Amino acid sequence: MIWLLFLLILLVAADLVVQCAYVRLVLRIFETKPPFSVPAFPPDPTAELVSVVTDDGVTLRGSIHRDARRPAKGVILFCPELEGSHWSASSYASGLLDAGFDVVSFDFRSQGESDSQPGYAPLHWATTFEVEDVRSALRFIQSRADLCDLPLGVMGVSRGATPALIAAAESSRVKAVCCEGAYSTDALLVHFISRWATLYVPRFLLPILPKWHIRVTSILVRWTSQFLRKRRYVVLEHWLPKLKDRSILLVAGERDNYVHPDVGRDLQKRIDSPDVQFWLVPTAKHNRARDVGPAEYDRRLKNFFDKTLLAHSA
């Protein structure tokens, strides 16, 4: 009996050593930003420049895009991707502008024209800082007499999709969310660890490597990065069940090399609501669904927000 206990302790100790080795290995990958080629969008001279100060004292800068020739039928808060700009709203959401929606867009902290937070270098993983930025943007919309009574939706791209979904889960004012290239930190990390496991794990061990072991590795990597970088990554899975009564449109690119479509399908499954649509765009790359077919992209976004926001307004 003693030798069995000793063997068990030895196996646990060996597993901890291996786990630590893999955490160190994956951590380097986790904290390396992919080589995004984010296009630069020119300023819109017709947009209204705005700013708001977050509760923790960071000034965010952005713009309001609208068609002044007609009253707005709703307002959409646009959350750009990492290294993106609030000016990109005029491209992603141009169909919504043409359809009569006002679009409010902000640069996240330490990005674009917004103030940098000392000691914070953003990665492609959403943190509580980005969530606070979206909360501040929503408070700004509520403070404006020309926006506060309009039906409200949110649109997020890539990393911006996570705080967009959390905003909808938190606020009953947000009735609809459209996300392109959405992902959760843990799900995407597990996907890549599994995908590249053969580079670090002997092939004969993969069939017997339990899924929970990979999940534990991903959680330890996230916790380690949080401790070292003094931030807290958000766990989107905690918020997804609260989106059951929201209308959600998840857009994914068939040729997305950063966020595999299965990651978006997993979000749809976890929300578990008939009001969640998943649109897989053939041949589209990461955050480039509109490049494949601008007219179809604009039509789908217009129909989605029209159906949801105007119904709630009525």
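Further up the page is the structure itself.
Residues numbered from 1 in each chain as written. Predicted model: local features only at pLDDT ≥ 70, side-chain atom pairs only at ≥ 80, totals over all residues. Heavy atoms only, no water.

Trainee: Which parts of the structure should I look at to understand the overall build of the chain?
Mentor: On a plain count of helices and strands, the chain comes out with 10 helices and 8 strands. Of all 314 residues assigned to the chain, the portion counted as buried reaches 54%. Restricting to contacts in the chain with at least 6 residues of sequence separation, those with at least 24 account for 77%. By element, 61% of the accessible surface of the chain is carried by carbon and sulfur atoms, the whole surface being about 15200 Å². (Helix = DSSP H or I, 4+ residues; strand = E, 2+ residues; numbered from the N terminus. Buried < 20%, exposed > 50% of the residue type's maximum accessible area, 1.4 Å probe, protein only. Contact = heavy atoms within 4.5 Å. Areas by Shrake-Rupley, 256 points an atom, 1.4 Å probe, with all protein chains shown as cover.)

Trainee: Please explain the sheet that holds strand 8 (residues 276-281) as it appears in this structure.
Mentor: Strand pairing in a sheet is mediated by backbone hydrogen bonds. Such pairs are either parallel or antiparallel. In space, the 8 strands of this open sheet follow the order 1-2-4-3-5-6-7-8, with mixed pairing throughout. Whereas interior strands pair on both sides, the edge strands pair on one side only; in this sheet they are strand 1 (48-53) and strand 8. Averaged over all pairs of adjacent strands, the angle between their axes in this sheet comes to 20°, without regard to strand direction. The sheet strands contacting helix 4 (residues 128-143) are strand 1, strand 2 (59-65), strand 3 (74-79), strand 4 (101-106), strand 5 (152-157) and strand 6 (174-180), and the helix crosses strand 3 at an angle near 155°. (Pairing = 2+ DSSP bridges. Axes fitted to C-alpha atoms, helices over the stretch in contact; angles between N-to-C directions.)

Trainee: Which parts of the structure should I look at to understand the layout of surface pockets?
Mentor: To locate leftover empty space, one rolls a probe as large as a water molecule over the atoms. By volume, the second largest pocket amounts to about 370 Å³. Asp186, Ala187, Val190, Arg215 and Arg270 are, among the 15 residues lining the second largest pocket, the residues nearest its centre. Secondary structure elements with two or more residues in the lining of the second largest pocket: helix 6 (185-195), helix 7 (211-229) and helix 8 (261-271). With 5 residues, helix 6 is the single largest residue contributor to the lining of the second largest pocket. Each residue belonging to the lining of the second largest pocket can be placed in one class, and the counts come to 5 nonpolar, 3 polar and 7 charged. (1 Å grid on protein atoms, 1.4 Å probe; cavity = no way out; pocket = protein on both sides within 12 Å on 5 of 7 lines; lining within 4 Å. Points joined across faces, edges and corners; volume = space filled by probe spheres on them. Nonpolar A, V, L, I, M, F, W, Y, C, P; charged D, E, K, R; others polar.)

Trainee: Just checking my understanding: could you explain the nonpolar core for this structure?
Mentor: The nonpolar side chains of a soluble globular protein tend to be buried with one another. In terms of nonpolar packing, the biggest core is built from 42 residues, with Leu77, Val104 and Phe106 touching the most fellow members. For this core, the leading source of residues is helix 5 (residues 161-170), giving 7 residues. Setting aside anything within four residues of it in sequence, one finds Phe106 in contact with Val50, Ser51, Val52, Leu60, Arg61, Gly62, Leu77, Phe78, Pro80, His86, Ala137 and Phe140. Formed by 25 residues, the second largest nonpolar core is a distinct cluster that contains Ile76, Leu96, Phe304 and Leu309. (Core = buried A, V, L, I, M, F, W, Y, C linked by side-chain atoms within 4.5 Å.)

Trainee: So what exactly am I meant to see when it comes to helix 6 here?
Mentor: Every α-helix winds through 3.6 residues per turn, so residues three or four apart in the chain are directed the same way. Of all the 11 residues making up helix 6, 8 are buried; the element is thus mostly covered by neighbouring parts of the structure. Of all the positions in helix 6, only Thr185, Asp186, Ala187, Leu188, Leu189, Val190, His191 and Ile193 are classed as buried.

Trainee: Hey, could you run me through the pattern of salt bridges in this one?
Mentor: Side chains bearing opposite charge may pair, as long as their charged atoms lie close to each other. A full pass over the atoms with the stated rule returns 28 salt bridges. For Glu296, the salt bridge identified is with Arg299, shortest N-O distance 2.8 Å. In this pair, Glu296 and Arg299 both sit in helix 10 (residues 294-313), 3 residues apart, roughly one turn of the helix. Accessibility expressed as a relative area gives 40% for Arg299, which makes it partly exposed. A salt bridge links Lys302 to Asp306, with the shortest nitrogen-to-oxygen separation between them at 2.8 Å. Of the two residues, Lys302 and Asp306 are both situated in helix 10; the distance of 4 residues between them amounts to about one turn of the helix. (Salt bridge = Lys/Arg side-chain N within 4 Å of Asp/Glu carboxyl O.)

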